[in-house]
Amino acid sequence: MAPSNPLANWEKVGDRFYRKIPVYDAIFEEDVELENYIVAGAPYGGAIALYRDESKPFRLRDPQSSRSSIEIYSCSGKHINTINWEQATIRGLGWSDKEELLVVSEDGTVRRYFGLDGEFTSFSLGNGTEEYGVRACQFWASGLVALLSNNQLIAVSKYDDPRPRLLAPCPEGEVSSWTLIPPAHTLSRSVEVLLAVDKTVFLVDTTEAEDKILQDGPFKHVSVSPTGRLVALFTGEGKLWVVSNDFQNKLSEYDSKSRVAPSSVNWCGDDAVILAWEDEIHLVGPNGTASKYYYDGRVHIIPELDGVRLITNDACEFLHKVSDVTQEIFRVGSSSPASVLLDSVDQLEKKSPKADENIQRIRSSLPAAVDACIRAAGYEFDVYWQKRLLKAASFGKSVLELYNSDEFVEMTEKLRVLTAARDYQVGLPISYEQYLRLTPEGLIERLISRHEYLLAIRVSEYLQIPADRIYVHWASQKVRVSTVDDEAVCKLIVQRLDGKPGISFEVIAQTAYDEGRSHLATQLLNHEPRAGKQVPLLLNMEEDKLALDKAIQSGDDDLVNYVLLRLKSKLPLASFFRMINTRPMASALVETEARGQDTELLKDLYYQDDRPIEGSNVLLSEALQATDPQRKTEKLHLAARLLSDSKDPTIVLHQKLVSEASQLLKAQETLDKDLADHNEFLGLSLNETIYRLVRAGYGKRAHKMQAEFKMPEKTYWWLRLRALVAKRDWGELEELGKNKKSPIGWEAFYNEVLGAGNTKLASIFVPKCTNLPVADRIEMWVKCGMIVKAGEEAQKAKDVNTLELLRNKASGPAISEIERMINQLRPRK
């Protein structure tokens, strides 16, 4: 096939060149009748939406044609989907930059279609749309503005989070045309609207409608350039004005010599304006120069950031400004280094020595020439010229000793991807600049939405981008369209996705559940490795037991608690307890959580689980915390009752202790009434109660309580001893010392009294400590300061050594007494 002329379809408009590139031909069948349709195209070479223009008559060919529908096509004419439309009249048809179709009906309902498959969400514009009705809509990348029949404007800034709001009140009068300025190009960073009313234009934002004070209206069309710097106005006299965005300077004027207003006015990049009639186009450049194109049928204009797509029944074309680097290389008579380098490739193939001469001639500018050839390759749609330019760049960099080839490799990768996307079967005629703005990930998303899974995977692998989303979308689509049984579908999906990293079976399972295939969803979730992804969906599917088991298997306490909270909120309490009783981890977590926050739940849990001791302990704790005596008694009574039916010895003992606690509480109430002005005894232990009674002088009451509660004698004597010592009741202690026996021994009396500082009283207990060794009794006498008594003990034991030690400690008369004892024990010579 002979190479195309690189200058083919170039048109000079003023001092700049534009070219119209044929991308696809014969794209629509004859019966589509494109002139009878409203056409809206998605940005970045995206899909085309066709809707029958109800203002034009059409012939009914069959009953199906009477039904309204929105047809979705690729730019190559490949039919993608049909969306049946039986709602109110469509007043707005547009696309987001994510290739989501927006359909606005007359009653203010907005449908947002995802992924070209017909799935949608909807919201209402409100604010009087039902009363006044939507007249027209304008769209930008992430939002829209609707014009109502009363000239009121409603803006939605985010499709993801639609919050319709009224713009400032608009002036009355006939709106001849209008357009919007996206938030990215306004100082306020909010959408603004240019509204042509009567002879002037108003700039409307959220706060005011500013009159730009023009006198030459009505303006049939208003259009803002892609960067928001310029505004195109088409007057009733057939003139096109290009003015600055503040309307202070008119930069150019073009007379179309047509009193019939064009069907549309759009910008071609940021430098030229397209005036489109039914079958005629005027490309108006700077300084009012223009080039005209004629067609056999209706032509539709789809604006892009760097040009426009021209759609007819026969062809899809891309009209754009020729880049500076492309002009530098291909324009007639060019002698730029890049042009010379491209010519060198031809000479090299002819084996002409001129190739080397060319290289030497541009040697100093060779790096720039290589860079220019690489950049120019990106702007070419023709594969032949892409290859020629890259070959020239390759030849040039091979001559250079040092050259970074990263840009060359990246451009090669991008062109391979773009060529694949532009293929007729795919139908994405995306330009190099559009691709940079869309990003590789965005292009892959578009391939996924067209179910071009194989190409999407190859592009991902080629560009080293994770492909998990592609596999998940493929599997979800397989779930939607498959008619075989659940086991077969699950097996197919698992086999295909085996070993693929990052796959989320939760998304696939959610699709299956949404399609009403709960069994398949459960099967797919078994292959989801992340419990945190499995569990929420299982709960939504009412697979409560399975969700709880999966959470427990994960070992994640937070996840188990999440499931338990969900189950507790929706299940009857008995069912909830039955579910957790066979799962120790779940039961333990509920118990731990309830212990600190919900004692009623804790009691119910212990009752359901037949754990009376734990249940009674909760009641005991509540009794201890209660300040009201009646409340304390009630809690203790309930605790005892909870244990009353069991014959287990441990529980019987526990029940006895609880009963005694209740009995003690009643006794303490009586003591407080009889002996104290306030609750002095209530809530004390039995030991503390008896101790306090003895110390307060109520020994008989204390003895009575000891007998009533069968307190051991030893315990009672210890309490009595310490209370009397604390009270310093030496007389009572002396009387006790007259007893023949003490259950706790007399050493305890000696130690307690001595510790209180009463050595005299302590000494009367020393002789009673007959069970102690002599040395201990001697030490006890010494601590009481009675050295002579200590000496007597040593003399009885005939311990001269101890007596000599005591002599050293003695003073005064005690010394001679100790001497006497020593002399009596020493043998006489």
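Further up the page is the structure itself.
We now turn to the structure provided with this report. (Residues numbered from 1 in each chain as written. Predicted model: local features only at pLDDT ≥ 70, side-chain atom pairs only at ≥ 80, totals over all residues. Heavy atoms only, no water.)

1. As for the overall build of the protein chain
Counted only if it meets this: For the purposes of this entry, the term helix denotes a DSSP run of H or I that reaches at least four residues, the term strand denotes a run of E that reaches at least two, and both are numbered from the N terminus. Only protein chains enter the calculation, and the probe is 1.4 Å; a residue is then buried if its accessible area is under 20% of its type maximum, exposed if over 50%, and partly exposed in between. Only heavy atoms enter the contact rule, under which two residues are in contact if any of them lie within 4.5 Å. Note on areas: Shrake-Rupley with a 1.4 Å probe; residue coverage comes only from the protein chains shown.
Counting secondary structure elements, the protein chain contains 33 helices and 29 strands. Within the span of the protein chain, comprising 829 residues, buried residues form 49% of the whole. Across the protein chain, every contact between residues at least 6 apart in sequence was considered, and the portion connecting residues at least 24 apart equals 48%. Taken as a whole, the protein chain presents about 41500 Å² of accessible surface, with 48% of it coming from carbon and sulfur.

2. Observations regarding helix α26 (residues 713-727)
Put simply, the test is: Multiplying one less than the number of residues by 1.5 Å gives the expected span of a helix.
Relative to the 21 Å expected for 15 residues at 1.5 Å per residue, α26 spans 21 Å between its end C-alpha atoms, a close match to the ideal helical length. Buried within α26 we find Tyr716, Trp717, Leu719, Leu721, Ala723, Leu724 and Val725. Residues of α26 that are buried make contact with α24 (686-695), α25 (699-708), α27 (730-736) and α28 (747-755).

3. Here we look at unusual backbone geometry
The residue Glu99 is not glycine, and still its phi comes out positive at about 60°. Overall, the relative accessible area of 3% leaves Glu99 in the buried class. Look at Arg728: it is not a glycine, yet its phi comes out positive at around 60°. Looking at where Arg728 falls in the secondary structure, it is placed in the loop between α26 and α27. On the basis of relative accessible area, Arg728 is assigned to the partly exposed category, the value being 44%.

4. Concerning the sheet that holds strand β22 (residues 250-255)
Rule in force here: At least two DSSP bridges between two strands are needed for those strands to be called paired. Orientation is described by lines fitted to C-alpha atoms, with helices fitted over the stretch in contact, and by angles between N-to-C directions that extend from 0 to 180 degrees.
The four strands lie next to each other as β19-β20-β21-β22, forming an open sheet whose pairing is antiparallel. Bordering the open sheet on either side are β19 (219-224) and β22, each of which pairs with just one other strand. Direction aside, the axes of adjacent strands within the sheet are offset by 15° on average. Where strand β20 (residues 230-235) meets strand β21 (residues 239-244), five bridges bridge the pair, whose relative direction is antiparallel. In the strand pairing of β21, Phe234 is matched with Leu240.

5. Topic: the nonpolar core
Cut-off, in case you're wondering: Among buried residues, the Ala, Val, Leu, Ile, Met, Phe, Trp, Tyr and Cys ones that are joined through side-chain atoms within 4.5 Å form a nonpolar core. The source of the domain bounds is an automatic or database domain assignment.
Among the nonpolar cores identified, the biggest contains 95 residues, and Leu341, Ile493 and Leu524 are the most heavily contacted of them. Ranked by residues supplied to this core, first place goes to helix α5 (residues 366-378) with eight residues. Here this core gathers at least three residues from each of two domains, domain 1 (323-403) and domain 2 (422-465). Counting residues in hydrophobic clusters, the runner-up holds 47 residues, among them Tyr716, Phe765, Cys784 and Leu806.

6. Examining the sheet that holds strand β12 (residues 143-148)
Ordered in space as β11-β12-β13-β14, the four strands form an open sheet in which the pairing is antiparallel. Single-partner strands in this sheet number two, and they are β11 (134-140) and β14 (165-166). Relative to β12, β11 is paired through six bridges, and the arrangement is antiparallel. The partner of Cys137 across the bridge, within β12, is Ala146.

7. What to know about the environment of Val725
Tracing the backbone shows Val725 in helix α26. Taking the C-alpha atoms as reference points, Val725 and Phe749, separated by 24 residues in sequence, lie 9.1 Å from one another. If we ignore the near neighbours within four places in the chain, the residues touching Val725 are Leu733, Glu752, Val753 and Ala756.

8. Details of the packing of helix α32 (residues 800-809) against helix α33 (residues 813-825)
Keep this limit in mind: Roughly parallel means an angle under 35 degrees; roughly antiparallel means over 145; roughly perpendicular covers 65 to 115; every other angle is labelled oblique. Crossings are sorted by hand: turned counterclockwise from the far helix by less than a right angle, the near helix makes the crossing left-handed, and turned clockwise it makes it right-handed. Each residue gets one label: Ala, Val, Leu, Ile, Met, Phe, Trp, Tyr, Cys and Pro are nonpolar, Asp, Glu, Lys and Arg are charged, and the others, such as Gly, are polar.
Here α32 crosses α33 at 160°, and the two axes come no closer than 9 Å. Classified by the angle between their axes, α32 and α33 sit roughly antiparallel to one another. You can see that α32 and α33 cross each other, and the crossing is left-handed. Within the contact between the two elements, α32 uses Val800, Leu803, Glu804 and Arg807 and α33 uses Ile815, Ile818, Glu819, Met821, Ile822 and Leu825. Here the contact of α32 with α33 is composed, by residue class, of seven nonpolar, no polar and three charged.

9. Quick look at the pairing of strand β25 (residues 280-284)
With four of five residues buried, β25 is to be regarded as a mostly interior element. In this sheet, β25 lies alongside strand β24 (residues 272-276) in antiparallel orientation, the contact comprising four bridges. Opposite Val273, over in β25, you have Val284 as the bridge partner. In textbook terms, the turn of a hairpin is the stretch between consecutive antiparallel strands, and for β24 and β25 this stretch comprises three residues. Strand direction decides the pairing type here: β25 and strand β26 (residues 290-294), joined by five bridges, are antiparallel. Its bridge partner lying in β26, Glu280 is registered against Tyr294.

10. Here we look at the packing of aromatic side chains
The test is simple: Pairs were defined over the aromatic rings of Phe, Tyr and Trp, the Trp ring being its six-membered one, requiring ring centres within 6.5 Å. Orientation was assigned from the angle between planes: stacked under 30 degrees, edge-to-face over 60, tilted for the rest. Note on geometry: a ring has a charge over it if NZ (lysine) or CZ (arginine) is within 6 Å of the ring centre and within 35 degrees of the ring normal.
Evaluated as defined, the whole model comprises 13 aromatic pairs. Arranged with centres 5.2 Å apart and planes meeting at 80°, the rings of Phe330 and Trp385 form a pair that is edge-to-face. Of this pair, Phe330 sits in helix α2 (residues 324-330) while Trp385 sits in helix α6 (residues 383-399), and the two are 55 residues apart along the sequence. Through successive ring pairs, a cluster of aromatic residues spans Trp717, Trp746, Phe749 and Phe765. The ring of Phe408 has Lys397 sitting right over it, with the charged end atom 4.9 Å from the ring centre. Just above the ring of Trp746 sits the side chain of Lys768; from NZ or CZ to the centre is 4.9 Å.

11. Looking at the packing of helix α17 (residues 557-570) against helix α18 (residues 573-581)
One way to put it is that α17 packs onto α18 with a least axis distance of 8 Å and a crossing angle of 150°. Considering the angle they form, α17 stands roughly antiparallel to α18. Crossing geometry of α17 relative to α18 is assigned as right-handed. Together, Leu564, Leu567 and Lys568 of α17 and Phe576, Met579 and Ile580 of α18 make up the contact between the two elements.

12. What about helix α9 (residues 440-449)?
Among the ten residues in α9, seven count as buried, and that is most of the element. Where α9 is concerned, the buried positions are Gly442, Leu443, Ile444, Arg446, Leu447, Ile448 and Ser449. Against α7 (406-422), α8 (432-438), α10 (453-463) and α11 (468-481) lie the buried residues of α9. Looking one or two residues beyond α9, the residue adopting positive phi is His451, at roughly 60°.

13. A look at the side chain of His221
Where we set the bar: Pairs of N or O atoms are called polar contacts if they sit within 3.5 Å, as long as, within protein, a hydrogen donor faces a hydrogen acceptor (for residues adjacent in sequence, only side-chain-to-side-chain pairs).
Relative to the elements of secondary structure, His221 occurs in strand β19. A polar contact of 2.5 Å, which involves the side chain of His221, links it to the backbone oxygen of Pro262. Aside from chain neighbours lying at most four places away, what touches His221 is Ser177, Ala232, Leu233, Phe234, Ala261, Pro262, Ser263, Ser264 and Val265.

14. Some details on the environment of Met585
Locating Met585 in the fold gives a position in helix α19 (residues 584-597). The partly exposed category is assigned to Met585, whose relative accessible area is 26%. Taking the C-alpha atoms as reference points, Met585 and Asp557, 28 residues apart in sequence, are found 8.9 Å from one another. The residues touching Met585, leaving out its near neighbours within four places in the chain, are Ile552, Gly555, Asp557 and Val560.

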